[in-house]
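Listed here are the chains, written in short residue letters.
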Amino acid sequence: MKIAVIGCTHAGTSAIVNTAHLYPDAEIVVYERNDNISFLSCGIALYVGGVVKDPHGLFYSSPQKLDELGVTTRMRHDILAVDTDRKKLQVKNLDTGETFEDTYDKLIVTTGSWPIVPKLDGIDLDNILLCKNYNHSNTIIEKAKDAKHITVVGAGYIGVELVEAFEMNGKQVTLIDSADRILNKYLDPEFSGKIEDSFREKGIEMALGQTVKAFEGTDGKVSKVITDQGEIVTDLVILCIGFRPNTELLKGQVDMLPNGAIVVDSYMQTSKEDVFAAGDCCSVLYNPTGKMMYIPLATNAVRMGTLVARNLVKRTTPYMGTQGTSGLKIYEHNIASTGLTEGAAKDEEIAIEAVTIHDHYRPEFMPTAEEVTLKVVYDRDTRRLLGAQVISRADLTQSINTLSVCIQNRMTIDQLAFVDFFFQPHYNKPWNYLNSAGLQALPPIEVNTPMHV
């Protein structure tokens, strides 16, 4: 059996390593257009901010490690075309310019995603950078050395993490987003607002509710960002607008979402026999809504890559779906979320209720007892848990993993009230704050018959 793999980041590496272990007699050939593999792009802000000193720690595999598994890894090789009917690949060696054809029995597509680059005047000016891979991170660090004012466009996770990193390095920073608040896809206003307050306290300029219209430059380098509300003088621009799936190779050959994300079944198989896909190039089953959605996360990618290997020859292990669970640390704030926010539920036209807890996470008699804010969203009719968010100076983010399991298993807010959690004063109260959210949401009991004593 000959297995060809296109792309080798999170999903690709996971699929390759597991495939090599499960099918030791298989011939596995990997094609990667870059000069490195398995880079943890979620660590870019830590690298840029100087928290991570050695970037080599952000790689968790290498061509050498794959070679030791018997895998043929062809770096700097670009796939020009895929013929899924004839099971053929057209390949170009980017170093020599040579093109050749290869074949496969099973194809694993893990081509990932690429940053959205708007078609705006001045977009090709120097010092307008992307933030996705290792080479990008090195360029950002080098260019930022001489920059006094840095503008970040896009207030998602990557954008806000970079803003923090630049500010901590002593830069003047402006954050632009067309939405009227940051992290609007991940958090409700009462959570994102706390981070915005911290940014303003640090002197970060918040250009929210503004859309970038163009860039202007001096001597070929960007010098201004033009928005629909004015202009921002800057030395360096980082685009963090979002990502699109890299799926042009399979366009018209497999089923896709409107944005190009490949649709896979629960066994990671595409609509074309013997073609499997995983990671940021794919859609995923989003459990809170039951819909296939595009949620590019490293956690989804490694799970899907592992499942490709397990289901490559025989359907053995179905995908359980995702809640889009994620976490973030900005200054003293420890934040995590899972499932639907209240705003997202309304966008989906789902009738919901929400309960918010403000409490100390452990007894007040302890030397410290930081406050925690927890919000839980649940279906108004079925009372099924749909989402949750937490923020605290204490690291309580693992509680969101617990709620992710609850959502995946279709538990109700009423059941959450009485789930068995331990009590120990170092860690929590007799009623864990997760229980407290469920208790607060319990409906009153109607007693129609008088009680007799």
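These numbers come from a predicted model, not from an experiment.

**Q** Could you give an account of the UniProt feature "domain: Pyridine nucleotide-disulphide oxidoreductase dimerisation" (unreviewed entry) in the chain, naming the residues involved and the relevant values?
**A** UniProt records the feature "domain: Pyridine nucleotide-disulphide oxidoreductase dimerisation" (unreviewed entry) at residues 332-428, using the numbering of this structure. With 22% helix and 34% strand, the stretch residues 332-428 has end C-alpha atoms that lie 20 Å from each other.

**Q** Report on the sheet that holds strand S12 (residues 205-208), specifying residues and quantitative values.
**A** Overall, parallel pairing links the five strands, which are arranged S9-S16-S10-S11-S12 in an open sheet. Edge positions in the open sheet fall to strand S9 (128-130) and S12, since each of these has one partner strand only. Sheet twist, expressed as the average angle between the axes of neighbouring strands with direction ignored, equals 20°. For S9 and strand S16 (residues 236-239), the ladder comprises three bridges, and the chain directions are parallel. Bridged to Leu130 within S16 is Leu239.

**Q** How would you summarise the pairing of strand S25 (residues 385-392) if you had to cite specific residues and measurements?
**A** When you tally the buried positions in S25, you get eight out of eight residues, the bulk of the element. By the bridge criterion, six bridges tie strand S22 (residues 333-339) to S25 in an arrangement that is antiparallel. From the neighbouring strand, Ala336 faces S25, where its bridge partner is Val390. Two elements, strand S24 (residues 371-379) and S25, share seven bridges in a ladder whose sense is antiparallel. In the sheet register, Thr373 faces S25, and the bridge partner there is Ile391. Hairpin connection between S24 and S25: a loop of five residues separates the two successive antiparallel strands, and Arg383 in this loop has a positive phi of roughly 65°.

**Q** An account of the domain arrangement of the chain is needed here, citing residue identities and associated values.
**A** Each assigned domain of the chain is listed here: domain 1 (2-43 + 57-114 + 243-311), domain 2 (117-239) and domain 3 (326-441). The partner domain 2 presents 10 residues to the 11 residues of domain 1 that form the contact. At the boundary of domain 1 with domain 2, total buried surface from both sides reaches about 840 Å², with 58% on carbon and sulfur atoms. Broken down residue by residue, the surface that domain 1 buries against domain 2 is led by Phe39, Trp114 and Phe243, which jointly contribute 50%. Viewed at the interface, domain 2 and domain 1 are joined by one salt bridge. Scanning the region where domain 1 abuts domain 2 turns up one residue pair in polar contact (both at pLDDT 80 or more). Of the residues that constitute the side of domain 1 that touches domain 2, the class distribution is five nonpolar, four polar and two charged.

**Q** If you had to explain the environment of Ser41 to someone new, which residues and values would you point to?
**A** Residue position: Ser41 is located in the loop between strand S2 (27-32) and helix H2 (44-48). A relative accessible area of 24% places Ser41 in the partly exposed class. Here Ser41 is in contact with His10 and Lys132, once residues within four sequence places are set aside.

**Q** How would you sum up the packing of aromatic side chains? Please name residues and give values.
**A** Counted under the stated rule, the structure contains four aromatic pairs. With a centroid separation of 4.3 Å and 10° between ring planes, the pair formed by Tyr157 and Tyr186 is classed as stacked. One end of the pair, Tyr157, is in helix H5 (residues 157-168); the other, Tyr186, is in the loop between strand S11 (172-177) and helix H6 (189-201), with 29 residues separating them in the sequence. By relative accessible area, which is 13% here, Tyr157 ends up buried. Here Phe422 and Tyr427 contribute two aromatic rings whose centre-to-centre distance is 6.0 Å and whose plane-to-plane angle is 75°, an arrangement assigned as edge-to-face. One exposure class covers both Phe422 and Tyr427, and it is exposed. Positioned above the aromatic ring of Phe243 is the side chain of Lys132, whose terminal nitrogen or guanidinium carbon lies 4.8 Å from the ring centre. Over the aromatic face of Tyr331 sits the side chain of Lys202, whose NZ or CZ is 4.8 Å from the ring centroid.

**Q** Please provide a residue-by-residue account of a nonpolar patch on the surface, values included.
**A** Side chains of Phe418, Trp431 and Leu442 sit close together on the surface and give an oily, nonpolar patch of about 320 Å² of accessible area. Looking at the secondary structure, you find Phe418 in the loop between helix H10 (413-416) and helix H11 (433-441).

**Q** Give me the lowdown on the environment of Gln389, citing residues and values where you can.
**A** For Gln389, the location among the structural elements is in strand S25. Linking Gln389 and Ala165, residues 224 residues apart in sequence, is a C-alpha distance of 24 Å. If near-sequence neighbours (up to four positions away) are discounted, Gln389 is found in contact with Tyr186, Leu187, Asp188, Phe191, Ala336, Ser337, Thr341, Glu342, Thr373, Leu374, Lys375 and Ile400. There is a polar contact of 2.7 Å between the side chain of Gln389 and the backbone nitrogen of Asp188.

**Q** Could you give an account of the side chain of Arg383, with specific residues and numbers?
**A** Of note, Arg383 is situated in the loop between S24 and S25. A polar side-chain atom of Arg383 sits 2.6 Å from the main-chain carbonyl oxygen of Ala441. The residues contacting Arg383, other than those within four sequence positions of it, are Tyr378, Met411, Thr412, Ile413, Asp414, Ala441, Leu442 and Pro443.

Rules used in this analysis
- Residues numbered from 1 in each chain as written.
- Predicted model: local features only at pLDDT ≥ 70, side-chain atom pairs only at ≥ 80, totals over all residues.
- Heavy atoms only, no water.
- UniProt positions renumbered as here; feature names shortened; annotations may be inferred.
- Helix = DSSP H or I, 4+ residues; strand = E, 2+ residues; numbered from the N terminus.
- Pairing = 2+ DSSP bridges.
- Axes fitted to C-alpha atoms, helices over the stretch in contact; angles between N-to-C directions.
- Buried < 20%, exposed > 50% of the residue type's maximum accessible area, 1.4 Å probe, protein only.
- Domains from an automatic or database assignment.
- Contact = heavy atoms within 4.5 Å.
- Buried area = accessible area lost by both parts, 1.4 Å probe.
- Salt bridge = Lys/Arg side-chain N within 4 Å of Asp/Glu carboxyl O.
- Polar contact = N/O pair within 3.5 Å; in protein donor to acceptor, adjacent residues only side chain to side chain.
- Nonpolar A, V, L, I, M, F, W, Y, C, P; charged D, E, K, R; others polar.
- Phe/Tyr/Trp six-rings, centres within 6.5 Å; stacked < 30°, edge-to-face > 60°.
- Lys NZ or Arg CZ within 6 Å of the ring centre and 35° of its normal.
- Patch = residues over 30% accessible without salt bridge, like charges linked within 9 Å, V, L, I, M, F, W, Y side chains within 5 Å.
- Areas by Shrake-Rupley, 256 points an atom, 1.4 Å probe, with all protein chains shown as cover.

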